[in-house]
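What the coordinates show
Each chain is listed here by its residues.
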Amino acid sequence: MIPIINGLPLSGLTRRIIGMASSAIVLIWLIGYLIMAHEQERGLLESRIKAEQLATFFEQHTLAIFRYGDAYLKMVRREYQDSSDLDSVKKLMDEVPLNSAIASHVTIMDETGTPILVSGHSIKPGSTAKDRDYFIQQQNAESDKLFISRPHLGRNSGVLTVRLVRRIEKPDGSFGGVAFVAIKAENITNFFNTLGLGANSAATLVGKDKRILARSSYGQLGPGQDISGSRLWGELEQRPVGYYLQTSVVDSVPRVYSYRALDEFPLIVAIGVSGEDTRDALAQYKTLSYSICALASFLIIITSLLFSREIKARNRLEASEKHTQRIVDTVHGGIISINEQGIIESFSRGATETFGYSEAEIIGQPVQRLCDGSDWLKVDLNLQPQNPETDSNQHDGIFFEASATHKNGTSFPVHLAIGESEQNEKSLQVLTVRDITQEKAARRALFKSEERAQVTLQSIGDAVISTNADGIIEFLNPIAENLTGWSAAQAKGLALEKVFKIINDASREPAPDPVAACLQKGEVVTQKSDTVLLNRSGQEFAIEDSAAPIRGDQGEILGAVLVFKDVTQARQLLQDIYYQASHDALTDLINRQEFESRLQRVRETAEKEDSFNILCYIDLDQFKVINDTCGHVAGDELLRQITRVMTSCVRQRDTLGRLGGDEFGLLLERCNFDQAQRIARKMINSVREYNFAWNEGIFNVGLSVGMVAINRGSDNADELMKAADTACYTAKEKGRNRLEVFEESDEKLAKRDGETQWAIRIPRALNENRFCLYQQQIMDLSGSDEGLHYEILLRMIGEDGSMIMPASFFPAAERYKLATDIDTWVVTNVFGWLHANPEHLRRLRTCAINLSALSVSNDTFHGFVVEQLQAYDIPPEKICFEITETVAISNLSSAIIFISALKKIGCQFALDDFGSGLSSYAYLKNLPVDILKIDGMFVKDILEDKMDLATVKSINEIGHVMGHKTIAEFVENKEILEILREIGVDFAQGYGIAIPMPLSELACTPVTSI
C-alpha cells in the first residue's frame, strides 16, 4: 500500500527527497562530531588560561574584602581594649560606620562567650558562642592570630557569614573574650556571578582547615563541608600557585582548576573552568544543528500554529460566553436586555428569581409587562434611541428606583440601572434590576432606630456630648446645652476643650480631658469626683463624667461619647455630712475623731520634715459645778462662750478641737515651746478672767493645760494624746488653772507605766475572778443591838497570790474608766453572798458598799442595782451605798438623780469623808443622804487638836439638825471612842473597833461575838 499524506499518495520523488534529506542530516552530524573533537582539545587550553585569569582577579577581590574586614575589626578591638567602654566603641562605629555591603555586623563577646555588643541588631536573650569553633580556638590560642571561621548562620542576625575573629586580652594578658566581623557569604557568592563563569564552571573559597567557606554552586554539599579528598591539597604542598585537572569532589564535574594560596590570610581561592563552557567550535556546531532542527521544526510549527490558533480562538470565545453567563447568573438581582422596540430579548436567572417568569414565558414580551403602572414610563422614555451627536452622556447610564410587578401580581420596589450594549450591530438596552424590598424595610427600621436613639438622647437625664476621632464635637443633648451654655448648633464642629472646660475643685487647675484620654487609651475613662465644669457664662457646676470610645465594625475608633451630670447639690450634701461628721455641733470646733486624724498628719509631717510642733490637752475646771447647779442649757452656753475666748488666743493656722465634755485639744504647728507656752498662758488667763453670767449670777471657770512636743521620733498619736492627758492631769493635781509640760522623767514614767499596767491587770483580774471581799464592823455607840453593821472593803489577789490594797489599783481604775466594772463585780458578789447566807442576811442591819464617781454618773448603773436586788432577793433597806463628798460635789446633778432613784426603793446613802471639801456644808442640803461619815483626818487627832475636835462636833451637830446619822472614821483607841460618845456621834469605825476581815469568815462568826 502506498502511504497517504492528507489524502495524497507519496511519489518516488518524494521518497528520494526524504532520503537525501536524511543523508544530509547524518553528514551534518558527522561533521559536527569532528568539530567537537577538535574544539575539545582547544577548549582545555582556553579553560586553563581563563581559570588562571579569573583566579588572579578573584584573589585580588577576596584580599580587598578580608583586608577591609580585618582592618575594621582591629580598630574596634583596639578601642574596646583601650577604653573598656562599650559606649565609646559604639560612638567610634557611628563615626566610622561598617560597610554593610561587605559585612553584616561586628560582635564583641566576654570571656564566657556572651555577646555584649552586636551592631545592627539586638541580642537575643540567652545567646552564647562558647560552643562555637572560633571562640574555642581563640580561647585556647597563645597569641593574637586571626582566625577565619567556617560559615555560620547567625543566631541573632539569621545571616550566613564567614567570621574574622581576633582575641581580646585583659590588661594582665589573660583571655578577655573575642571580637569578630561577620563577612557576608553572599557577598563572595554574588561576586562569583560577576566573573562570567559558565554553567559548569565553579569558583571556591576554601579555608586551610580544608572546608568550603564560599562557592558559586554548592552542589550536594553546603558551606563548611569537608573537601579533604580534593587533589588541591597535594598540589599546595608542592607550590602555592598552580593548576590541575580533576573531577570535582563536590559535583563530579571535570574542570581545569587554577588555585592561589593567599599570603595574608589562611585562605585558598580556586577557579574551576569546564571545557564545555569555552569551546566556541562546539557552540558553532550546536548552533548549526539547532538551525537545521529549527528549520525542520519551523515547517511543522507553522502548520500546527494555524490549526491551534483557530481552536484556541473558538475555545476562548466559548469560555468568555460561559464566564459572562456565570457573572450574569451570580449578579445580585436580574439582568434584562431589551431591543429598540422595548421587547425583552434576554432574561437572566436572577431576573427569573426576581420576577417569577421563566425565560420561555418572558422573552419576546414587552418590558411594560414587568412595570407597575406609570412608574416605568421613565423606562419607556429612555428606551428611545439616543442621538450621539447631541447626547454626550449616552454611555453614563441611568439609575433610579421604581415599582415592579411580580408574576403573581404583587408590586415591589426595585432599583434600576440602564445601560447600552450592541450585539450583531444591533443596539440593546440593558436593565439591571434589584429587589430592594428588604433594603427599604431595613432603611425604615434604621431610621426609626436613629429617631428613637435621638429621642432617647434628648430625653436622658444626663448630659451627653459626642465627638469624632479628633475630639471635634458632633452632638449635644439639651442637658449638655444647659450645663455648658452652648447650643448644639453653636458647639458642632468646635474642639471639645472650648465647650467642655473643667477644673479641679481643690487646686483650681485645669482637669485632664477625659475624651482625649479615652481616644488615646481606647477604653472607658472616668473622671475624679472633684471635677468642676465652667460653662460659657462662667457659672460653675460640680460634675461626675466618663468618656467611652465609639467603635466601628472592625473595632476601629470612630469617636467618643462623653456623659456627665450635675452633682453640685449631692457634693454639697456630702461636704455638709463630712463637716457634721468631723465637727462638734455645739461649739463648731472639730471633734475628737478629726482632731486625732490631724494630729496623726502633723506627727507624720514632723517625722518627714523634722519640724517642731506642740499638742495641748485642755480641761475646763469647775465646769461640772456650773452644769449641775445651773443646768445643761447653761453648761452648753458656757462651752460656746469659752470656745470663742480660746479661739481668740490662738493663731490662724492652729487647730482647736473639742474632744468631748469639757475637754479640748490644741495643735500648734511649727511652734516652739516658748511660743506655745505664751499662747497657752494667754488662753488660761483669758478664760480665768472671763465672767460667765447666768440667771443674775456670775461664774468663773479655769483651764488645766497639758503640753507635749511633737517632733521627729515622737510616739504615735495615741501615745501623744496620753502624754498630753497625763500632763493635764498633773496640772489638775497641782491646783488646776495652770500649764504643765509633759516630761518623761524616771519617776513620772514609772508611775505612768504602772498605771498603764494596771489598765491591763484589772480587766484580767476581773475575768479571772481574782478579787475578794472584806468587811469592817461599824459600832453603834448608843449600845443598841439591832444587828450587824459593816462596810464592804475590796482586795485584789495578785498573779503571785499576794493581797493588793485598793489604793494601789483603784486610781488607775478610775483614770482608765474601769471603776464601774469593779463596782459591778462588788455589787454582784456581795448580793450573791448575802443570798447564799440567808441566816446572816436575816441578822444583817446595814451593809455599806462604796461606789465610784463613774458608777454614780452612769445612767444605767442604778437600773443594774435594782435588777440585782430583785434577782438575789435582797431587802433594799439593808443596803447603804457610800459615795465620797468629792464624788458627790463633782457630779452633783448625777449624784442627786442616782441617790433619789435608789432611795425610792429603800436603799440608804452615806456621804463618805465628809468635811474634806471646802464647800461641804454648802452642798449638804442638796444631797438626800442618810448618813454622814466624818473624815478620819479630823477624828484621829481629837485628843490633841482642839480644832479637829470642834470640827467633829460641828459636823455631828449639823448632821443631826438635818436628820442624818453620823459615823466617825479612824477610831483607833478607847479614849477617842469615849469622846465620840460624849459628843453624841451615832456610830464609830476603825481599827480600835474591829480590823477588816474576809466576808466569808463573817458567816461563821456568831453575832454575839462581834
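All residue numbers refer to position in the chain's written sequence, counted from 1. Where local features are concerned, this predicted model is filtered to residues with pLDDT of at least 70; where side-chain atom pairs are given and counted, the filter is 80 or more; whole-chain, interface and lining totals use all residues. Side-chain measures were taken over the full set of non-hydrogen atoms in the model, leaving aside hydrogen atoms and water.

A few points about the nonpolar core
Applied cut-off: To form a nonpolar core, buried Ala, Val, Leu, Ile, Met, Phe, Trp, Tyr and Cys residues must be joined to one another through side-chain atoms within 4.5 Å. Burial classes: relative accessible area under 20% of the type maximum marks a residue as buried, over 50% as exposed, and values in between as partly exposed (1.4 Å probe, protein chains only). In this text, helices come from DSSP runs of H or I with a minimum length of four residues, and strands from runs of E with a minimum of two, each type numbered from the N-terminal end.
Of all hydrophobic cores here, the largest spans 76 residues; its most connected members are Tyr790, Phe809, Phe881 and Leu980. The leading source of residues in this core is helix α23 (residues 819-836), at 9 residues. Leu586, Ile679, Ile684 and Phe692 belong to the second largest nonpolar core, which has 35 residues in total.

Topic: the pattern of salt bridges
Rule in force here: Salt bridge criterion: a side-chain nitrogen from Lys or Arg within 4 Å of a carboxyl oxygen from Asp or Glu.
Summed over all chains, the structure comprises 37 salt bridges. A salt bridge links Arg508 to Glu540; its shortest N-O distance comes to 2.4 Å. Here the residue Arg508 occupies a position in the loop between β21 (501-504) and α14 (514-521), and Glu540 occupies one in strand β24 (residues 540-551), the gap between them amounting to 32 residues. Judged by relative accessible area, which is 38%, Glu540 ranks as partly exposed. Put simply, Arg738 and Glu740 hold a salt bridge, and the shortest N to O gap is 3.9 Å. On the basis of relative accessible area, Arg738 is assigned to the partly exposed category, the value being 33%. Residues joined in a network through salt bridges with shared partners are Asp70, Lys74, Arg77, Asp144 and Arg166.

Here's the deal with helix α31 (residues 946-961)
In plain terms, the rule: Working rule for helices: expected span equals 1.5 Å times residues minus one. This arc is built from the directions going out from the helix axis to the C-beta atoms. We call two N or O atoms a polar contact when they sit within 3.5 Å, provided that within protein one can donate a hydrogen and the other can accept it, with sequence-adjacent residues counted only if both atoms are side-chain atoms.
Given a rise of 1.5 Å per residue, 16 residues ought to cover 22 Å, and the 22 Å separating the end C-alpha atoms of α31 matches this to within 8%. Turning to α31, its buried residues are Asp948, Leu949, Thr951, Val952, Ile955, Asn956 and Gly959. Down the axis of α31, the smallest arc covering the buried residues is 160 degrees, so these residues share one side. Exposed residues on α31 whose side chains face more than 90 degrees from its buried face are Lys946, Met947, Glu957 and Val961. The opening residue of α31, the one whose side-chain oxygen lies 2.9 Å from the backbone nitrogen of Met947, is Asp945.

Description of the sheet that holds strand β28 (residues 663-668)
We apply this condition: Pairs of strands are assigned from DSSP output, requiring at least two bridges between the strands. Between the N-to-C directions of two axes lies an angle of 0 to 180 degrees, each axis being a line fitted to C-alpha atoms and, for a helix, fitted only over the stretch in contact.
With mixed pairing, the 5 strands of this open sheet are ordered in space as β27-β28-β26-β31-β32. The open sheet has two edge strands, β27 (655-660) and β32 (739-741), and neither has a second partner. Averaged over neighbouring strand pairs, the angle between their axes works out to 20 degrees when direction is ignored. In terms of strand pairing, strand β26 (residues 613-621) meets strand β31 (residues 702-710) through 9 bridges, oriented antiparallel. When the sheet's bridge partners are listed, Asp619 is paired in β31 with Ser704.

Observations concerning a negative patch on the surface
Short version of the rule: Patches draw on residues past 30% relative accessible area with no salt bridge. Two like charges within 9 Å are joined, as are two nonpolar side chains (Val, Leu, Ile, Met, Phe, Trp, Tyr) within 5 Å. Note on areas: Shrake-Rupley with a 1.4 Å probe; residue coverage comes only from the protein chains shown. Within this scheme the basic residues Lys and Arg register as positive and the acidic residues Asp and Glu register as negative, but His and the chain ends are omitted. To locate a charge, the coordinates of NZ of Lys, CZ of Arg, CG of Asp or CD of Glu are taken.
There is a patch of like negative charges on the surface, built from Asp941, Glu944, Asp945 and Glu972. Among the secondary structure elements, Glu944 is positioned in the loop between α30 (936-939) and α31.

As for the sheet that holds strand β11 (residues 241-247)
Read across the open sheet, the 5 strands follow the order β10-β9-β13-β12-β11; overall the sheet is antiparallel. Only two strands of the sheet have a single partner each, and these edge strands are β10 (212-215) and β11. Taking the axes of each pair of neighbouring strands and ignoring which way they run, one obtains an average angle of 25 degrees across the sheet. In this structure, strand β9 (residues 202-207) lies alongside β10, joined through 3 bridges in antiparallel fashion. Each bridged residue has a counterpart across the sheet, and for Leu205 the counterpart in β10 is Ala214.

A short note on unusual backbone geometry
Leaving glycine aside, a negative phi is the common case for residues, and trans is the common case for peptide bonds. The phi angle at Lys817 is positive, at roughly 60 degrees, despite the residue not being glycine. Mapping Lys817 onto the fold places it in the loop between α22 (806-815) and α23. Even without being glycine, Asp913 reaches a positive phi, approximately 55 degrees.

A word on the packing of helix α17 (residues 623-630) against helix α18 (residues 632-647)
As a reminder of what qualifies: Oblique is the label for every angle not falling under 35 degrees (roughly parallel), over 145 degrees (roughly antiparallel), or within 65 to 115 degrees (roughly perpendicular). The criterion used for residue contact is that any of the two residues' heavy atoms lie within 4.5 Å. Under the convention adopted here, Pro, Cys and the residues Ala, Val, Leu, Ile, Met, Phe, Trp and Tyr are nonpolar, Asp, Glu, Lys and Arg are charged, and Gly plus all remaining residues are polar.
In contact at an axis separation of 6 Å, α17 and α18 are set at 140 degrees when each is read in the N-to-C sense. When the axes of α17 and α18 are compared, the pair comes out oblique. On α18, the residues that touch Phe623, Ile626, Asn627 and Cys630 of α17 are His632, Ala634, Gly635, Leu638 and Leu639. Considering only residue class, the contact of α17 with α18 consists of 6 nonpolar, 3 polar and no charged.

Here's the deal with the packing of aromatic side chains
By convention here, two paired aromatic rings are described through the distance between centres and the angle between planes. Test applied: When two rings of Phe, Tyr or Trp (its six-membered ring) have centres within 6.5 Å they constitute a pair, described as stacked for plane angles under 30 degrees, edge-to-face for angles over 60, and tilted for the intermediate range. The rule for a charge over a ring is simple: NZ of Lys or CZ of Arg within 6 Å of the ring centre, and within 35 degrees of the ring normal.
Scanning all chains against the criterion turns up 17 aromatic pairs. Between the aromatic rings of Phe347 and Phe355, the centroid separation amounts to 6.2 Å while the plane-to-plane angle is 50 degrees, which identifies the pairing as tilted. Accessibility classification places Phe347 together with Phe355 in one group, the buried group. An aromatic cluster of at least three residues, connected via ring pairs, comprises Phe861, Phe864, Phe881, Phe898 and Phe909. Sitting over the face of the ring of Trp758, Arg761 holds its NZ or CZ atom 4.2 Å from the ring centroid.

Considerations on the pairing of strand β38 (residues 879-884)
With 5 of 6 residues buried, β38 is to be regarded as a mostly interior element. Here strand β37 (residues 844-850) runs beside β38; their pairing, made up of 4 bridges, is parallel. Its bridge partner lying in β38, Cys847 is registered against Ile879. The sheet contact formed by β38 and strand β39 (residues 908-914) spans 5 bridges and is parallel. Of the residues in β39, the one forming a bridge with Thr884 is Asp912.

Some thoughts on the confidence of the model for the protein chain
Rules: Residue-level confidence of the predictor is summarised by pLDDT, bounded by 0 at the bottom and 100 at the top.
Put simply, the protein chain has an average pLDDT of 81, and 80% of its residues get 70 or more. Overall, residues 1-11 carries pLDDT values under 50, and its contacts beyond four positions in sequence, including any with other chains, amount to 8 contacts. Overall, residues 379-396 carries pLDDT values under 50, and its contacts beyond four positions in sequence, including any with other chains, amount to 20 contacts.

Some thoughts on the side chain of Thr846
Residue placement: Thr846 occurs in strand β37. With near-sequence residues (within four places) excluded, Thr846 lies in contact with Leu788, His789, Tyr790, Lys878, Cys880 and Gln908.

Observations concerning a nonpolar patch on the surface
Taken together, Leu573, Leu574 and Ile577 make up a surface patch of nonpolar side chains, about 300 Å² in accessible area. By secondary structure assignment, the location of Leu573 is in helix α15 (residues 568-582).

Quick look at the pairing of strand β23 (residues 531-534)
Examined bridge by bridge, β21 and β23 share 4 bridges and lie antiparallel to one another. Within β23, the residue paired with Ile502 across the bridge is Leu533. Looking at chain direction, β23 and β24 are connected through 4 bridges and run antiparallel. Bridge pairing links Thr531 to Ile543 in β24. The antiparallel pairing of β23 with β24 creates a hairpin that spans 5 residues between the two strands, and Gly538 there sits at a positive phi of about 90 degrees.

Remarks on the packing of helix α26 (residues 861-871) against helix α28 (residues 892-903)
For clarity, the cut-off: Handedness of a crossing is defined here by the sense of rotation of the near helix relative to the far one, left-handed for an anticlockwise turn of less than a right angle and right-handed for a clockwise turn.
Direction vectors running N to C along α26 and α28 enclose 20 degrees, while the axes themselves pass 10 Å from each other. One element, α26, and the other, α28, form an angle in the roughly parallel class. As α26 runs across α28, the sense of the crossing is right-handed. Counting all contacts with α26, which are made through Phe861, His862, Val865 and Val866, the residues of α28 involved are Phe898, Ala901 and Leu902. Residues of the contact of α26 with α28, tallied by class, amount to 6 nonpolar, 1 polar and no charged.

Section: the environment of Met646
Tracing the backbone shows Met646 in helix α18. Classification of Met646 by relative accessible area gives buried; the value is 0%. Residues Met646 and Ile679 lie 33 residues apart in sequence; the distance between their C-alpha atoms is 9.8 Å. Apart from the residues lying within four places of it in its own chain, the contact partners of Met646 are Ile618, Leu656, Phe664, Met683, Val687 and Leu703.

With respect to the environment of Val165
Along the chain, Val165 turns up in strand β7 (residues 160-169). In this structure the C-alpha to C-alpha distance between Val165 and Ile148, which are 17 residues apart in sequence, comes to 6.2 Å. Filtering out sequence-adjacent residues up to four positions away, Val165 remains in contact with Leu73, Tyr134, Gln138, Lys145, Leu146, Phe147, Val178, Ala179 and Phe180.

Thoughts on the environment of Gly522
Tracing the sequence through the fold places Gly522 in the loop between α14 and β22 (525-526). The spacing of Gly522 and Glu556 is 34 residues in sequence and 9.4 Å in space, taken between C-alpha atoms. Residue contacts for Gly522: discarding those within four places in its chain leaves Pro549, Arg551 and Ile557.

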